[in-house]
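# Examination of the molecular architecture
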Amino acid sequence: MKLTAYGQTDVGRMRSNNEDCFYLDEQRGLFIVADGMGGHAAGEIASKMAVDTVCEAIESKFNEQMAPEELQPLLAAAVTQANRSISQAAAENPTWHGMGTTLTVLLLHARQAFLTHVGDSRLYRWRNKTLTRLSDDHTLIDAQLRRGIISEREASQSDLRNILLQAVGITEELDICQKTLPTEPGDCFLLCSDGLTDMLSQESISEILTSSSLPQTGCRELMAAALAAGGRDNITAVLVTVDNK
Ligand code: CA
């Protein structure tokens, strides 16, 4: 499976520091976005710790011969480890108290996409000019939306839409969401933080992906559009294409 990826992060127009963190490794097929939270720059510490922990787990335990059914337990264990490390670091350092992060991990291996996810950073798949969201947001608003308590319109306008139900480093027992899906040549995956999706509708993202060559130009144009729309938060996008061979 030949992969081509590009990632970019931007502090945005309103914030003084960037608490988002991303990672891409085309060789191993590992792609991560984490969006940290916490005062005194602790959000940056949390998102970096989460990314580093997953990378280390993959570097030390993953090999090409692994059976697909071994991969999700490996990724879940890495997220659980990140949860433990971040909460422990926060307990030992009062200025880091309450720090946490979202964590969205995509591993592409043996023609399959392994998604492991906590929080409201997102994974989308772009296939045949159709954008499909593969991750649920672990937010109060998304839970209410799924249960039909509120409408799409109310959800998009709610002041509460960024309230997370769980985050790595904060929630003692995580409910880690995992999905395994077959990939097809030509698929493109987008991992992003809420700084992108709060600024751009799914339709706007689709328009940009339709009109730009992927992944580098697409990524740059997504970032530029999110900044032009206000850039109220840190913005991160990672695009990865599964090549036609
Ligand atoms: Ca954010």
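Structural data are supplied above this passage.
A brief look at the structure comes next. (Residues numbered from 1 in each chain as written. Predicted model: local features only at pLDDT ≥ 70, side-chain atom pairs only at ≥ 80, totals over all residues. Heavy atoms only, no water.)

Attention shifts here to the pairing of strand β11 (residues 235-242). Most of β11 sits inside the fold, with 8 of its 8 residues counted as buried. Side chains Ile-235, Ala-237, Leu-239 and Thr-241 project from β11 onto one buried face, and the interleaved Thr-236, Val-238, Val-240 and Val-242 project onto a second face that is buried too. Pairing between strand β1 (residues 3-10) and β11: 8 bridges, direction antiparallel. Residue pairing for β11: Thr-9 is matched across the bridge by Thr-236. Here 5 bridges tie strand β10 (residues 188-192) to β11, and the two strands are oriented antiparallel to one another. Considered in β11, the bridge of Leu-191 is made with Val-238. (Buried < 20%, exposed > 50% of the residue type's maximum accessible area, 1.4 Å probe, protein only. Helix = DSSP H or I, 4+ residues; strand = E, 2+ residues; numbered from the N terminus. Pairing = 2+ DSSP bridges.)

Those donors, Asp-35 (OD), Asp-35 (OD), Asp-194 (OD) and Asp-233 (OD), are the protein atoms that reach the calcium ion, and they lie 2.2 to 3.1 Å from it. Of note, the donors binding the calcium ion are all from one chain and are spaced D-x158-D-x38-D. Placement of Asp-194 in helix α5 (residues 194-197) and of Asp-233 in the loop between α7 (216-228) and β11 is noted, with a sequence separation of 39 residues between them. Look at Asp-233 and you get buried, because its relative accessible area is 15%. (Donors = N, O, S within 2.8 Å, 3.2 Å for Na, K, Ca; no water.)

The next subject is the pattern of salt bridges. Applying the stated rule across the entire model yields 12 salt bridges. One salt bridge connects Arg-127 with Asp-187, and the closest N-O pair in it is separated by 2.7 Å. Here the residue Arg-127 occupies a position in strand β7 (residues 122-127), and Asp-187 occupies one in the loop between β9 (177-182) and β10, the gap between them amounting to 60 residues. Like Asp-187, Arg-127 is buried. The shortest N-O distance in the salt bridge between Arg-161 and Asp-198 comes to 3.6 Å. Of this pair, Arg-161 sits in the loop between α4 (152-157) and β9 while Asp-198 sits in the loop between α5 and α6 (202-211), placing them 37 residues apart in sequence. Of the residues examined, Arg-161 reaches a relative accessible area of 23% and is grouped as partly exposed. Taken together, the shared-partner salt bridges connect Arg-122, Arg-133, Asp-136, Asp-137, Asp-142 and Arg-146 into one network. (Salt bridge = Lys/Arg side-chain N within 4 Å of Asp/Glu carboxyl O.)

Interpretation in functional terms is not warranted from these geometric data alone.
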